[in-house]
Amino acid sequence: MSTGPGLESLVDQTISVITNDGRNIVGVLRGFDQATNIILDESHERVYSTKEGVQQLVLGLYIIRGDNISVVGELDEELDANLDLSKLRAHPLKPVIH
């Protein structure tokens with residue numbers, strides 16, 4: 001994974017991270033290093049289910065190892081704020097197999 005200008009432009013922005021084990025963690029990117037280990041602040045994990053709405057588990061300050069990251073993306077905070085996560089249903093993501 002490249003640590004080029006993509007991550008630098010996301011510092012202090014709200015991002016969504018999908019990990020290799022299928023977790024979706026949302027938080028404010030505070031920093032990263034050459035191994036793409038990232039530090040998130042004000043973070044929470046979104047747990048998806050087909051039977052009930054999205055659960056949000058508070059994590060707070062959180063570090064994710066670079067070798068456990070599949071996808072990092074900027075989160076549109078305005079669009080995200082308009083989502084009713086209690087009504088959203090989805091299958092949990094499956095782990096990434098290398």
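The structure reproduced in this document is the subject of the present report. (Residues numbered from 1 in each chain as written. Predicted model: local features only at pLDDT ≥ 70, side-chain atom pairs only at ≥ 80, totals over all residues. Heavy atoms only, no water.)

### Some points on the sheet that holds strand β4 (residues 55-64)
One open sheet holds the 5 strands; their spatial order is β4-β3-β2-β1-β5, and the pairing between them is antiparallel. Edge strands, defined here as strands with exactly one partner in the open sheet, are β4 and β5 (69-74). For this sheet, the mean inter-axis angle between neighbouring strands, taken without regard to orientation, is 25 degrees. Taken together, the 7 bridges between strand β2 (residues 24-32) and strand β3 (residues 38-47) define a ladder with antiparallel strand orientation. Across the sheet, the residue bridging to Asn 24 is Arg 46, located in β3. (Pairing = 2+ DSSP bridges. Helix = DSSP H or I, 4+ residues; strand = E, 2+ residues; numbered from the N terminus. Axes fitted to C-alpha atoms, helices over the stretch in contact; angles between N-to-C directions.)

### Topic: the pattern of salt bridges
Here the structure, examined in full by the defined rule, presents 7 salt bridges. The salt bridge partner of Asp 12 is Arg 30, with a shortest N-O separation of 2.9 Å. Separated by 18 residues along the polypeptide, Asp 12 in the loop between α1 (5-8) and β1 (14-19) and Arg 30 in strand β2 bring together distant segments of the chain. Taking the shortest distance from any N to any O, the salt bridge between Asp 41 and Arg 30 comes out at 3.5 Å. (Salt bridge = Lys/Arg side-chain N within 4 Å of Asp/Glu carboxyl O.)

### So, a nonpolar patch on the surface
The grouping of Ile 39, Leu 61 and Ile 63 at the surface amounts to a nonpolar patch, some 310 Å² of accessible area in total. One can find Ile 39 in strand β3. Classification of Ile 39 by relative accessible area gives partly exposed; the value is 34%. (Patch = residues over 30% accessible without salt bridge, like charges linked within 9 Å, V, L, I, M, F, W, Y side chains within 5 Å. Areas by Shrake-Rupley, 256 points an atom, 1.4 Å probe, with all protein chains shown as cover. Buried < 20%, exposed > 50% of the residue type's maximum accessible area, 1.4 Å probe, protein only.)

### Describing the pairing of β2
Along any regular strand the residues' side chains alternate between the sheet's two faces. Burial analysis of β2 places 7 of its 9 residues in the buried class, which makes it a mostly covered element. Of the strand pairs in this sheet, β1 and β2 are connected by 5 bridges, and their pairing is antiparallel. Considered in β2, the bridge of Ile 18 is made with Asn 24. The antiparallel hairpin formed by β1 and β2 contains 4 residues in its connecting segment, where Gly 22 sits at a positive phi of about 90 degrees. Where β2 hands over to β3, the hairpin turn is made up of 5 residues, of which Thr 36 adopts a positive phi near 65 degrees.

### Overview of the nonpolar core
Counting residues in each nonpolar core, the largest one holds 10 residues, listed as Leu 7, Leu 10, Ile 15, Val 17, Ile 25, Leu 29, Ile 38, Leu 40, Ile 64 and Ile 69. Every element with two or more residues in this core is listed here: β1, β2 and β3. Beyond its immediate sequence surroundings of up to four residues, Leu 29 is in contact with Leu 7, Leu 10, Val 11, Asp 12, Gln 13, Ile 15, Ile 38, Ile 39 and Leu 40. (Core = buried A, V, L, I, M, F, W, Y, C linked by side-chain atoms within 4.5 Å. Contact = heavy atoms within 4.5 Å.)

### Let's talk about unusual backbone geometry
Phi is positive for Asp 12, which is not a glycine, with a value near 70 degrees. A positive phi angle, close to 65 degrees, is found at Thr 36, a residue other than glycine.

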